[in-house]
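Descriptive structure summary
Listed here are the chains, written in short residue letters.
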Amino acid sequence: MSKAPVRVAVTGAAGQIGYSLLFRIASGEMLGKDQPVILQLLDLPQAQKAVQGVIMELEDCAFPLLAGVVATDDPNVAFKDADYCLLVGARPRGPGMERADLLTANGAIFTVQGKAIAENANENVKVLVVGNPCNTNAYIARAAAIKVGRTNPNNYHGMLRLDHNRALSQLSAKTGRPVSSFKQMVVWGNHSPTMYADYRFATSNGDNVKALVNDAVWNNDVFLPTVGKRGAAIIDARGLSSAASAANAAIDHMHDWALGSDDWVTMGVPAPAGNSYGIPEGVVFGFPCECKGGSFKVIEGLEIDAYSKEKIQKTLDELEGERAAVADMLK
Ligand SMILES: NC(=O)C1=CN([C@@H]2O[C@H](COP(=O)(O)OP(=O)(O)OC[C@H]3O[C@@H](n4cnc5c(N)ncnc54)[C@H](O)[C@@H]3O)[C@@H](O)[C@H]2O)C=CC1
Ligand SMILES: O=C([O-])CC(=O)C(=O)O
């Protein structure tokens, strides 16, 4: 018997990431080739015509798994009964806009959306924030959702998977080993240049990757800046920010969360109370996670050496600064 359709809400549906993401969700790459989906698309009123164009193209793909599409500018409609929410739409940084202005502008969007999700979505909804600054936007949405209750506060995530995938690709280039040979990669912290991509626990066909690379200067001066500043390098080359790779990472994050993974995956998740890394509870932070049976768990107890401790503290300090900048909005 075929499965009942699930509802997937996507915001910023008319944008560049939406243009890659929606077709892959509808083709079954996110939730499985046997899982019908209903897409619930949210964008601003002025983008509704463009959303209609995307819907025409979705129709023209004749995807067997696409069981319906809803287009709206109302978050309460977009998140109604949603099982999965991908929050891609966000206010981009404009000329002369400081980071604090960006945080405030997005704070307004994500408080409204977090509340609308908590009031309307399925109680077990899984939420992934892609729109930047994604960790803090997820933190804001979660805080607004907690005020309403109903949904699971652990299920508000920020997307670190693009950083994880970028790190794998750089390691593959350095070692000459295929990307698929690497296991147990971790990216700690904020989706920003302060993130700490950490391959100390990683293996490649059973070999320890740190020993294989054996190049602390490359790690510090090439690998970390390349992964951390990859978004800016893509904007410089393309004149637009990464889109297909961001959509791919969102598919990977949701796929593994929903269907499980036999490898560690980096997820930006609310720090669990009393975690072994000393990250304050609720800060949305990149952690190594295990995914099984539709749920995820932070992998606790990994050894943190002095170099790593410093890097983790730096990215945490940045996130704490962002948290302080939006604190008034969350009262
Ligand atoms: N976390 C990550 O790894 C990555 C995050 N991003 C971020 O993803 C976001 C989207 O990127 P693009 O698709 O390239 O941007 P885009 O500008 O092409 O599209 C954004 C869309 O969101 C819509 N939008 C704006 N405010 C909205 C709201 N309140 N509700 C619903 N829709 C709204 C816009 O009308 C537009 O259609 C940006 O914030 C970008 O910085 C991009 C790449 C990687
Ligand atoms: O840098 C940006 O604006 C887009 C982004 O988050 C990335 O590509 O990692």
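Residues numbered from 1 in each chain as written. Chains lettered and ligands numbered in written order. Predicted model: local features only at pLDDT ≥ 70, side-chain atom pairs only at ≥ 80, totals over all residues. Heavy atoms only, no water.

**Some remarks on the overall build of the protein chain**
The secondary structure content of the protein chain amounts to eleven helices and 14 strands. Computed over its C-alpha atoms, the radius of gyration of the protein chain comes to 19 Å, within 12% of the 20 Å expected for a compact globule of 331 residues. Projected onto the principal axes, the alpha-carbon positions of the protein chain cover approximately 50 × 45 × 40 Å. The contacts of the protein chain with a sequence gap of at least 6 include a subset with a gap of at least 24, amounting to 74%. When the accessible area of the protein chain is evaluated, it comes to approximately 14300 Å², of which 53% is carbon and sulfur surface. (Helix = DSSP H or I, 4+ residues; strand = E, 2+ residues; numbered from the N terminus. Rg over C-alpha atoms; globule rule 2.2 N^0.38 Å. Contact = heavy atoms within 4.5 Å. Areas by Shrake-Rupley, 256 points an atom, 1.4 Å probe, with all protein chains shown as cover.)

**A word on the pairing of strand S5 (residues 126-129)**
Neither face of S5 is open: one carries Lys 126 and Leu 128, the other Val 127 and Val 129, and all of them are buried. Where strand S4 (residues 84-87) lies against S5, four bridges are found, and the strand directions are parallel. When the bridges of S5 are listed, Leu 86 appears paired with Leu 128. A crossover links S4 with its parallel partner S5, the connecting element being helix H4 (residues 99-120), and its sense is right-handed. In this sheet, strand S6 (residues 156-158) lies alongside S5 in parallel orientation, the contact comprising three bridges. Bridging from a neighbouring strand, Val 129 pairs with Gly 158 of S6. Each parallel crossover has a hand, and for S5 linked through helix H5 (residues 134-148) to S6 it is right-handed. (Buried < 20%, exposed > 50% of the residue type's maximum accessible area, 1.4 Å probe, protein only. Pairing = 2+ DSSP bridges. Right-handed = clockwise from strand over helix to strand, strands pointing away.)

**Comments concerning the nonpolar core**
Formed by 77 residues in total, the largest nonpolar core has its most connected members in Val 8, Leu 21, Ile 25, Leu 86, Phe 223 and Phe 287. Element by element, the count of residues in this core is highest for helix H10 (residues 244-259), at eight residues. There are two domains that each give this core at least three residues, and those are domain 1 (6-158) and domain 2 (160-326). Phe 287 has contacts with Val 187, Trp 188, Val 265, Thr 266, Met 267, Val 269, Ala 271, Pro 272, Asn 275, Tyr 277, Ile 279 and Val 298, leaving out every residue within four places of it along the chain. Counting 27 residues, the second-largest nonpolar core is a separate cluster that includes Phe 79, Ala 82, Cys 85 and Tyr 139. (Core = buried A, V, L, I, M, F, W, Y, C linked by side-chain atoms within 4.5 Å. Domains from an automatic or database assignment.)

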